Protein chains: 2
Amino acid sequence: MRVIQKYGGSSVATIDLIRGVAKRAISAKNEGHEVVVVLSAMKGETDRLLHLAHSMHPDPEPREMDNILSTGEQVSIGLFALACQAMGEKVKSFLGFQAGVKTDDIHGRARVTDLDPARIRTELAKGRVVCVAGFQGVDRHGDITTLGRGGSDTTAVALAIALKADLCEIFTDVDGIYTTDPHICSNARKMDRISYEEMLELASLGAKVMEIRSVELAMNYGVQIHVRHAHSQATGTLILKEDSEMEKTPVRGVTLSVNEARVTLLKVPDQPGVAARIISLVAKAGIVVDMIIQNRSFSADHASTKLTDFSFTVPLTDYPKTIELMEATGHEIGAESVLGDDNIAKVSLVGVGMRNHAGVASLMFQALAKENINLSMISTSEIKISCVIEKKYGELAVRALHDAFELDKPIA
Amino acid sequence: MRVIQKYGGSSVATIDLIRGVAKRAISAKNEGHEVVVVLSAMKGETDRLLHLAHSMHPDPEPREMDNILSTGEQVSIGLFALACQAMGEKVKSFLGFQAGVKTDDIHGRARVTDLDPARIRTELAKGRVVCVAGFQGVDRHGDITTLGRGGSDTTAVALAIALKADLCEIFTDVDGIYTTDPHICSNARKMDRISYEEMLELASLGAKVMEIRSVELAMNYGVQIHVRHAHSQATGTLILKEDSEMEKTPVRGVTLSVNEARVTLLKVPDQPGVAARIISLVAKAGIVVDMIIQNRSFSADHASTKLTDFSFTVPLTDYPKTIELMEATGHEIGAESVLGDDNIAKVSLVGVGMRNHAGVASLMFQALAKENINLSMISTSEIKISCVIEKKYGELAVRALHDAFELDKPIA
């Protein structure tokens, strides 16, 4: 088998941990596999480099930032290779550009455009362990780029595709993907298998184990991912194509996000194009909108004049800027006033089975009502239902939903 | 003018110092020059990385070591670029491979084989300050190499050649090249000008300001170097072609080296090939021999049998290994016994004027004799005389010679 193993920053945080990772890679090789290891920077190193850069410039140029940040992974792979050699193993390390990771030139969040693994193939054929610096590539100018948050996962998946690997293992500091956050819900259950679509929704909704882009890439090319603990032999969670087994239950996971805020424009003219104008104003300011809800306002004093209330959620960090923007421009759109609420939480249910199971929303609303939790916004997609509630009820809502849908019980 | 400015590790040790260096480069640009800055790693960074690598492997593979070590300069240039940008200056940083620094594949002490500065020229033409990571290049496989000790000086000189620069400034933590070490001799004098040949001898003899290879390179291509203090506007020392002015005085500098030890084989057969056999044994063990002296032994008991005493010096760190080697193999060569002395110092006089001035050796020996300093070995080259003496007399000898040749007085 040809195996890609990716280890995150906490798994290579110290000399000893890197040694452990090297041992694990070598033992996979001794089982007869071809092994390509992708490493992140040692935990803390990226923060150290960010701090240095920010002491020099409040808003560092992304190209220079990439030069600086990419050194973290560079040191990791060098140390990993030395660890293998100290154990008598043949190994070769490659930087992103040496591994053939070509990207566009959007520094700081570059996309992999091509991957030519010629040098990796050569070294694998020589019986060597290969290790590759995650998170980095090279653009058409020959400049170093980085792939943004979770970029090492993307490197691993891209290598799995280019090398036609049989498996892509993502080693991390958790056992796998859980039905919900075990810190919130003590009977959260580790799932054996999850579909790409579910993983994408979970990642979008705040599950931090895998980054969205790498899951998308894996989905597009059908790369099977095994998320597992770096310091345990236990099986983790497989991320793979949806199957009939997964569809047997309507809901597979519950997530909680407390990093959003709601903005509401009251009494906006209910005319075509108004929503587009509001959202494009926000987008132009570089703010990403999540939920959008338009409610026809039925209060007596303006029912006849066709007015509507318009709400949307934005990341908490962009909340003050958004309120400011709306207060400055809301009157142009004709809004009467602008309201905001940063005291909210979003609780969501995810599951491919929702497509075929009716009554999920109904059971969700009942379970929340039973706890006297009021819903201020609701949005749905094919395999997801999200509700915005008061922040203080967030964890209670997660536990109530986890119980209501019996997520602690393995799929029969 | 097109100017190369190289700053060493102590000149970029902190965020503030890097800012100072950026200011200096920008002010050179504002004077109308095209400026290319070459940087070393922040002081302490290389040691940190070496320590990490050595905790992983007692004898790290040079290729992996180069990957790890080259990150030091990579961070420096990123921070320098950010410093320039924070001051509103246009700047672009380049890693060795981006700057076109091609080398052979001898990792850890690679030689520059070619330098294609196309990208640098483009950026200079756009009116940008360019900064380049010193100490590093890329070999024909696309692997990162480092140029060994003082490698950033070599990068600077190689860039000066490739870019046909008008001047190559080496900024360091001393004012320039002195007639001798000011810590030993309080009236040591900073020289305004020194020839390549003299600088080469001084560097070989322990002067640490410039590394030999970069001086050789500068000499071969006639690149004028200005060694000066990074935090002072004062003129330093120009390193350039020998001229008649320099030849007016016989001696230009005095050096002291206490990093050698002497090994003597007693009563070796005085036959052709014996010296070669001894030295090749030592060389095969990777030990670099400096002085070699063969003395016909005239003691009564073996005058008729054609025996000789054979002495050489080796670096102090290789002394135990050399003694061991000679004791193990000396009998094969026919030596009666092996003696050693690690309690020695080498004091040397350097000056292109020696070629034309007689009596330098004689005055040197007199000056040392006057202080009752005994000479155990003497060696000479065209522009240098070295004497091995007891270590405890080292500094006294330097002062005595500095006085005897009146080196504190500027050339008339």
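Model, not experiment: these values are computed from the prediction.

(A) Up close: the sheet that holds strand β18 (residues 344–350) of chain B. All names here are of chain B. Pairing in this open sheet of four strands is antiparallel, and the strands run β13-β18-β20-β19 from one edge to the other. Sheet topology places β13 (253–257) and β19 (377–381) at the edges, where each strand pairs with a single neighbour. The mean inter-strand angle of the sheet, taken between neighbouring strand axes irrespective of direction, is 20°. Pairing analysis gives five bridges linking β13 to β18, with the strands arranged antiparallel. Its bridge partner being in β18, T255 is matched across the sheet by S348. Together, β18, β19 and β20 (384–390) form the strand contacts of helix α11 (residues 360–370), whose direction differs from that of β20 by roughly 20°.

(B) Highlighting the interface of chain B and chain A. Across the boundary between the two partners, chain B contributes 27 residues, which contact 27 residues of chain A. Elements that contribute at least two residues to the side of chain B that touches chain A include exactly α2 (45–56), α3 (62–69) and α4 (71–86) of chain B. Counted by class, the side of chain B that touches chain A contains 14 nonpolar, ten polar and three charged residues.

(C) Spotlight on the nonpolar core. Judged by nonpolar contacts, the single largest core of 123 residues is most densely connected at V37, F80, C131, V132, L159, A160 and M199 of chain B. If we skip the residues at most four places from it in the chain, C131 of chain B touches V37, L39, I77, F80, A81, V91 and S93 of chain B.

(D) Just the relation of the copies chain B and chain A, in detail. The transformation that overlays chain B on chain A combines an axial shift of 0.1 Å with a rotation of 180°, and the residual RMSD is 0.1 Å. Seen this way, the second copy is the image of the first under a two-fold rotation axis. When C-alpha distances to the rotation axis are compared across chain B, the minimum falls at T71 of chain B, with a value of 2.7 Å.

(E) Representation of the confidence of the model for chain A. Mean pLDDT over chain A: 91, with 97% of residues reaching 70 or higher. Scoring of the predicted complex yields 0.84 for pTM and 0.81 for ipTM.

(F) Local environment of the packing of helix α7 (residues 196–204) of chain A against helix α8 (residues 212–221) of chain A. All names here are of chain A. Running from amino to carboxyl end, α7 crosses α8 at an angle of 170°, the nearest separation of the two axes being 9 Å. Compared by their axis directions, α7 and α8 come out roughly antiparallel. Together, Y196, M199, L200, A203 and S204 of α7 and I212, V215, E216, A218 and M219 of α8 make up the contact between the two elements. Taken together, the residues that form the contact of α7 with α8 break down as eight nonpolar, one polar and one charged.

(G) Molecular detail of the packing of helix α6 (residues 151–162) of chain A against α8 of chain A. Residues and elements named next belong to chain A. Look at α6 against α8: their axes get within 8 Å of each other, and the N-to-C directions meet at 15°. Judged on the interaxial angle alone, α8 and α6 are roughly parallel. The way α6 lies across α8 gives a crossing that is left-handed. Contact with α6, carried on its side by D153, T154, V157, A158 and I161, involves R213, S214, L217, A218 and Y221 of α8 and no other residues of that element. Of the residues assigned to the contact of α6 with α8, the class counts are six nonpolar, two polar and two charged.

(H) Seen up close, the pairing of strand β19 (residues 377–381) of chain A. Residues and elements named next belong to chain A. Where β19 lies against strand β20 (residues 384–390), five bridges are found, and the strand directions are antiparallel. Across the sheet, S381 pairs through a bridge with K384, a residue of β20. Between β19 and β20, which follow one another and run antiparallel, lie two residues.

(I) Looking closely at the domain arrangement of chain A. For chain A, the assigned domains read domain 1 (2–173) and domain 2 (244–412). The C-alpha centroid of domain 2 of chain A is placed 38 Å from the C-alpha centroid of domain 1 of chain A.

(J) Up close: the sheet that holds β19 of chain A. All names here are of chain A. In spatial order, the strands read β13-β18-β20-β19; together these four strands make up an open sheet with antiparallel pairing. Two strands in the sheet have a free side with no partner beyond their single neighbour: β13 (253–257) and β19. Sheet twist, expressed as the average angle between the axes of neighbouring strands with direction ignored, equals 20°. The pairing of strand β18 (residues 344–350) with β20 spans seven bridges and is classified as antiparallel. Bridge pairing in β20 links A345 to I389. Packing of helix α11 (residues 360–370) onto the sheet brings it into contact with β18, β19 and β20, and relative to β20 it is tilted by some 20°.

(K) Summary view of the pairing of strand β16 (residues 307–315) of chain B. Residue and element names in this part refer to chain B. Along β16, seven of the nine residues are buried, which leaves the element largely enclosed by surrounding structure. Of the pairings in the sheet, the one linking strand β14 (residues 260–269) to β16 comprises eight bridges and is antiparallel in character. Bridge pairing in β16 links E260 to P315.

(L) Inspection of the environment of V112 of chain A at higher detail. All names here are of chain A. The topology assignment puts V112 in strand β5 (residues 112–115). The buried category is assigned to V112, around which 23 C-beta atoms lie within 10 Å. Taking C-alpha positions, V112 is 8.2 Å from T155, a pair spaced 43 residues apart along the chain. Those residues within four positions of V112 in sequence are excluded, and the remaining contacts are V101, T103, G137, L147, T154 and A158.

(M) Examining α3 of chain B more closely. Among the eight residues that make up α3 of chain B, six are buried, leaving the element largely enclosed by the rest of the structure. E64, M65, D66, N67, I68 and L69 of chain B are the residues of α3 of chain B that are buried. Turning to α3 of chain B, the residues buried within the fold contact α4 (71–86) and β3 (91–94) of chain A together with α2, α4 and β8 (144–146) of chain B.

(N) Broad picture of unusual backbone geometry. You will see that K164 of chain A, though not glycine, has its phi angle at about 50°, which is positive. The topology assignment puts K164 of chain A in the loop between α6 and β9 (167–172). The phi dihedral of F135 of chain B is positive, around 80°, even though this residue is not glycine. For F135 of chain B, the position within the fold is in the loop between β6 (129–133) and β7 (136–138).

(O) Layout of the environment of F312 of chain A. Residues and elements named next belong to chain A. Here F312 lies in strand β16 (residues 307–315). Judged by the 24 C-beta atoms lying within 10 Å of it, F312 is buried. Among all residues touching F312, those that are not within four sequence positions of it are V263, V289, M291 and I292.

About the thresholds
Sequence order as written defines the numbering, with residues in each chain counted from 1. Chain A is the first chain written and ligand 1 is the first ligand written, with later ones labelled in order. For a predicted model such as this one, the threshold for reporting local features is a pLDDT of at least 70, and the threshold for listing and counting side-chain atom pairs is 80 or more; totals across whole chains, interfaces and linings nevertheless cover every residue. Should DSSP find at least two bridges between two strands, the strands are regarded as paired. By definition, any uninterrupted DSSP run of H or I lasting at least four residues is a helix, any uninterrupted run of E lasting at least two residues is a strand, and each is numbered from the N terminus. Geometry is summarised by axes, namely lines fitted to C-alpha atoms with helices restricted to the contacting stretch, and by angles between N-to-C directions that run from 0 to 180 degrees. Remark: residues whose backbone-derived C-beta atoms lie within 7 Å of one another are considered to be in contact. Residues are grouped as follows: Ala, Val, Leu, Ile, Met, Phe, Trp, Tyr, Cys and Pro are nonpolar; Asp, Glu, Lys and Arg are charged; all remaining types, including Gly, are polar. Note on definitions: a nonpolar core is a set of buried residues drawn from Ala, Val, Leu, Ile, Met, Phe, Trp, Tyr and Cys, linked by C-beta atoms within 7 Å. Buried, partly exposed and exposed are defined by the number of other C-beta atoms within 10 Å of a residue's own C-beta, namely 20 or more, between the two limits, and 12 or fewer respectively, with C-beta atoms placed from the backbone. Least squares is used to superpose the copies, and the fit set is the C-alpha atoms of residues whose pLDDT is at least 70 in both copies. Within a predicted model, pLDDT stands for the predictor's per-residue confidence, ranging from 0 to 100. Between 65 and 115 degrees an angle is taken as roughly perpendicular, under 35 as roughly parallel, over 145 as roughly antiparallel, and anywhere else as oblique. Helix crossings fall into two classes, left-handed where the near helix is turned counterclockwise from the far one by less than a right angle and right-handed where it is turned clockwise. Domain start and stop points were drawn from an automatic or database domain assignment.

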